[in-house]
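# Topology and contacts: notes
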There are 2 protein chains.
Amino acid sequence: VPALTAAEAERLDADDPLRPFRRRFRLPPDGPYLDGNSLGALPLATMARLTATVEDEWGTGLVTSWNAAGWFEAPARVGAKIARLIGAAAEEVIVADSTTLNLWKLLGAACLARPGRGTILSEPGNFPTDLYAAEGVARAFGRRLRLADIAEITAAIDEDTAVLLLTHVHYKSADCRDMAALTAAAHARGALVLWDLSHSAGAVPVDLRGAGADLAVGCGYKYLNGGPGAPAFLFASAALQPSLVNPLSGWMGHAAPFAFEDGFRGAEGMRRFLAGTPPVIGLAALEAGVDLLLEAPEAQRVAKSRALGQAWIGGVEALDAGFTLASPRDPALRGSHVSFAHPQAFAIVQALIARSIVGDFRAPDLMRMGFAPIYNSFADIARAIEALRLVMAGEEWRRPAFSERGTVT
Amino acid sequence: VPALTAAEAERLDADDPLRPFRRRFRLPPDGPYLDGNSLGALPLATMARLTATVEDEWGTGLVTSWNAAGWFEAPARVGAKIARLIGAAAEEVIVADSTTLNLWKLLGAACLARPGRGTILSEPGNFPTDLYAAEGVARAFGRRLRLADIAEITAAIDEDTAVLLLTHVHYKSADCRDMAALTAAAHARGALVLWDLSHSAGAVPVDLRGAGADLAVGCGYKYLNGGPGAPAFLFASAALQPSLVNPLSGWMGHAAPFAFEDGFRGAEGMRRFLAGTPPVIGLAALEAGVDLLLEAPEAQRVAKSRALGQAWIGGVEALDAGFTLASPRDPALRGSHVSFAHPQAFAIVQALIARSIVGDFRAPDLMRMGFAPIYNSFADIARAIEALRLVMAGEEWRRPAFSERGTVT
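On a predicted model such as this, the values are computed, not experimentally measured, just so you know. (Residues numbered from 1 in each chain as written. Chains lettered and ligands numbered in written order. Predicted model: local features only at pLDDT ≥ 70, side-chain atom pairs only at ≥ 80, totals over all residues. Heavy atoms only, no water.)

### Quick look at the relation of the copies chain B and chain A
Here is the rule we go by: Copy-to-copy alignment: least squares on C-alpha atoms, limited to residues at pLDDT 70 or above in both. Contact between two residues is taken to exist if any of their heavy atoms lie within 4.5 Å; hydrogens are not considered.
By a simple turn and slide, chain B fits onto chain A: the slide is 0.0 Å along the axis, the RMSD is 0.0 Å, and the turn is 180°. Seen this way, the second copy is the image of the first under a two-fold rotation axis. It is B:Ala140 whose C-alpha, among those of chain B, lies nearest the rotation axis, at 2.7 Å. Comparing contact sets, 100% of the residues at the interface of chain B also lie at the interface in chain A, consistent with an isologous, same-surface contact.

### Some details on the packing of aromatic side chains
Here the distance between the centres and the angle between the planes together describe a pair of aromatic rings. Rule in force here: Here is the rule: rings of Phe, Tyr and Trp (six-membered ring for Trp) pair when centre to centre is within 6.5 Å. Planes less than 30 degrees apart are stacked, more than 60 are edge-to-face, and the remainder are tilted. Numbering of helices and strands runs from the N terminus, with a helix taken as a DSSP run of H or I at least four residues long and a strand as a DSSP run of E at least two residues long. Working definition: with a 1.4 Å probe on protein chains only, accessible area under 20% of the residue-type maximum means buried, over 50% means exposed, and in between means partly exposed.
With the rule as written, the count across this model stands at 29 aromatic pairs over all chains. Ring centres 4.9 Å apart and planes at 90° place the aromatic pair A:Phe127 and A:Tyr171 in the edge-to-face group. Of the two residues, A:Phe127 sits in the loop between β4 (119-122) and α7 (128-140) while A:Tyr171 sits in the loop between β6 (161-167) and α9 (179-188), which places them 44 residues apart along the sequence. A single burial state applies to A:Phe127 and to A:Tyr171, both of which are buried. Within the aromatic cluster, the residues linked to one another by ring pairs are A:Trp66, A:Trp71, A:Phe72, A:Trp251, A:Phe258, A:Phe260, B:Phe127 and B:Tyr171.

### Observations concerning the interface of chain B and chain A
What counts, and what does not: Defined here as a combined quantity, buried area equals the accessible surface (1.4 Å probe) lost by two parts on assembly, summed across both. Here a salt bridge means any side-chain nitrogen of Lys or Arg lying within 4 Å of a carboxyl oxygen belonging to Asp or Glu. Counted as a polar contact is a pair of N or O atoms within 3.5 Å, where, for protein atoms, one must be capable of donating a hydrogen and the other of accepting one, and residues adjacent in sequence contribute only when both atoms are in side chains.
Counting residues at the interface gives 86 residues for chain B, matched by 86 residues for chain A. Across the chain B/chain A interface, buried area totals approximately 7000 Å², and carbon plus sulfur atoms make up 68% of it. In this assembly, chain B and chain A are joined by four salt bridges. Linking chain B with chain A are 24 residue pairs in polar contact (both at pLDDT 80 or more), by the criterion used here.

### Re the sheet that holds strand β12 (residues 360-362) of chain A
Whether parallel or antiparallel, the strands of a sheet pair through hydrogen bonds between backbone atoms. All names here are of chain A. Formally: For two strands to be treated as a pair, DSSP must find at least two bridges joining them. Note on geometry: axes are lines fitted to C-alpha atoms, helical ones only across the stretch in contact, with angles between N-to-C directions running from 0 to 180 degrees.
Ordered in space as β10-β11-β13-β12, the four strands form an open sheet in which the pairing is antiparallel. Looking at strand neighbours, the two that pair on one side only are β10 (324-325) and β12, the edges of this open sheet. Across the sheet, helix α12 (residues 345-354) touches β12 and β13 (366-370), and the angle it forms with β13 is around 40°.

### Some words on the nonpolar core
We apply this condition: As used in this record, nonpolar core signifies buried Ala, Val, Leu, Ile, Met, Phe, Trp, Tyr and Cys residues forming a set joined through side-chain atoms within 4.5 Å.
Counting 227 residues, the largest nonpolar core has A:Ile82, A:Ile86, A:Leu208, B:Ile82, B:Ile86, B:Leu197 and B:Leu208 as its most contacted members. Ignoring sequence-local partners within four residues, the contact set of A:Ile86 consists of A:Val93, A:Leu197, A:Ala201, A:Val206, A:Asp207, A:Leu208 and A:Phe233.

### Here's the deal with helix α6 (residues 99-113) of chain B
Under the convention used in this document: For a helix, the expected span equals 1.5 Å multiplied by the number of residues minus one.
The first and last C-alpha atoms of α6(B) sit 21 Å apart over 15 residues, in line with the 21 Å expected at 1.5 Å per residue. Counting buried positions over the 15 residues of α6(B) gives 14, a clear majority of the element.

### With respect to helix α5 (residues 74-83) of chain A
All names here are of chain A. Among the ten residues in α5, seven count as buried, and that is most of the element. The set of residues buried in α5 consists of Ala74, Pro75, Val78, Gly79, Lys81, Ile82 and Ala83. Among the structural elements, β3 (93-96), β9 (232-236) and α10 (280-295) are those in contact with the buried residues of α5.

### So, the sheet that holds strand β7 (residues 192-196) of chain B
Residues and elements named next belong to chain B. With mixed pairing, seven strands are arranged side by side in an open sheet as β3-β9-β8-β7-β6-β4-β5. Strand pairing shows two members of the sheet lacking a second neighbour, β3 (93-96) and β5 (144-147), which therefore form its edges. The mean angle between the axes of side-by-side strands here comes to 20°, regardless of whether they run parallel or antiparallel. As paired elements, β3 and strand β9 (residues 232-236) share four bridges and run antiparallel to each other. Within β9, the position partnered with Val95 by the bridge is Phe233. Against the sheet, helix α9 (residues 179-188) engages β6 (161-167) and β7, with an angle of about 150° to β7.

Spelled out as structure tokens, the structure:
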């Protein structure tokens, strides 16, 4: 792939059916912003939505808004919208808490649903919070956490495996795992599978029902553009739901929250996976992001995501500056971000940020750039390539201006 | 106490040192709003704060705001402010997740810290989510939940009690428990105590350090005015912290979240009780509410809270309409809400709501009104008494206009 020129980028942007969406986001004045896989950009509609939720619903409606403004229904309502992005039925998804705590709930539920099995299986280098949640669940429920490299993961599933925990698109490499094949392999041995869709939802095709998936969680603040620390979502297949118990029992997951009973009885369906009072303001921001994403046809988003990634790969490789592709070259096997290894990746990422090209460093040696097809343009790619060329041609990347930034993946 | 007249209310409001605060809230145009113990009112400053957080920090700053705008520090920063309201040291409080999940963390931590003890002790009729969390923790950690009436709770603490779980101000009766005495009784038998401050923080004097308290949780959306579903807080005494493990392990509670290690190592101090990514927008709204409350001297808030409650009790009893006080008459033994029992309480509360007097019904027969000294006035009480007089004199309360509202306590 030859490097993308500014003129070619302009032509590609002119032909882009998603081009009108870019104007519906507030983007940094300099940019380009290539970190939407860490924190998605702000939709312009979000502020109006938050003003209505805060000033009218909270300020004027106060407690009556729990019913009158649909606050109680928000977790299921927004969940049903996210379901359309991940190949799930409306009643299979609900929004609650954080990805971490939803991992906790579903890993615990899986262990309780497979009482004779002692192992939670995952891979080393999975996103840390997935492993930390698994470690905590294993301690609480007397199980063990076993890690096996992805190449051997199928062979590692055995009669002791209660649940296989994998991330659909890996946060570093962007490897996109074969959800249907791995799910089938686990089912053949009687194990459940929990998929973390944090780097998938809204970015790559996800077909939970088509893959026969059991359980999934995902993040609201990356490609769903729900805002920093947005509430997360969780999925359980309709078939599995009746057999699942939420280990993190709380009043909003009770069958009758306002009966104020002393004993816990889980609600029907996904509502049982609620715990405390829903984060109304965060839910409103998330809904605005999801509503906007749902306007953009999936096929167009996927095609553009792949084209942006290919353009970036071509541009970086054409620089011949010591970068090694650390993500799949085949876009069908890749998420919507691309990682390149370079011995000086940390300094290079800092030098790019100093030129307003925002991406991420991931230890030990990765430069990671994410492409959000709904607001990134081909011109963004061309500008980032040119900036990288200047960085590598000069001396600035040998003298990093910043210390470790500590951004959120 | 004679019933409060409008003229007396006007005089009391004129003398109220907290009077200027009322204008700093958006309140319903009709009102009065007497349900701030369920959902606190909206500070006018909150919307400006949210606009800055969303438009500037998220919209323009994007991922750089995790450091540049203090997002990472927000849980500890807001926690340190709440600490000033509850008699804790700054480093003893952090903001995270929901009250329910914080109960889960601290009950689990208490069980792990008392490995030889098999019982979580609480009282029947405690707020349901406290009991549901205790039930879940008991299942996860192989303990049992035992309930004993509050009159017998001291006698029920024994060598098997790992942790005593009580609510400081009861959500129905407003009974304010003797935190120092109950904590001492538990300590005498080697048990820990976890206090739920949801109906206390910002409303009644709380002195965690003075009482020798171990653990506490509390709600952000009641008297702290943090907004619907605001994040909650948790407290562990400085002495106890090093021995505590957060059972809900997640990446933000890790000693080095951005080292992306496979194994979990808990952070120092209260940060170990974080789990997922902090809810930045919810934290901003909560901080605005807490900042405003901190401007009002505690002694003035407490004195006014008690005076408002006494005025309401006097007014309701002067109606001689079949109400029985279901809260302590002595304001020093009471929280900032008052419950009256009446066989037709449900219909009466609906009729009051139809007249814009917003309070709560709590099953089976309680009319509950909450008094937020920072924005409620004596005129609010006089108007509510007059409305109740009209309701009880007419027939309207025999024909309720609404079905069950299902509001959040």
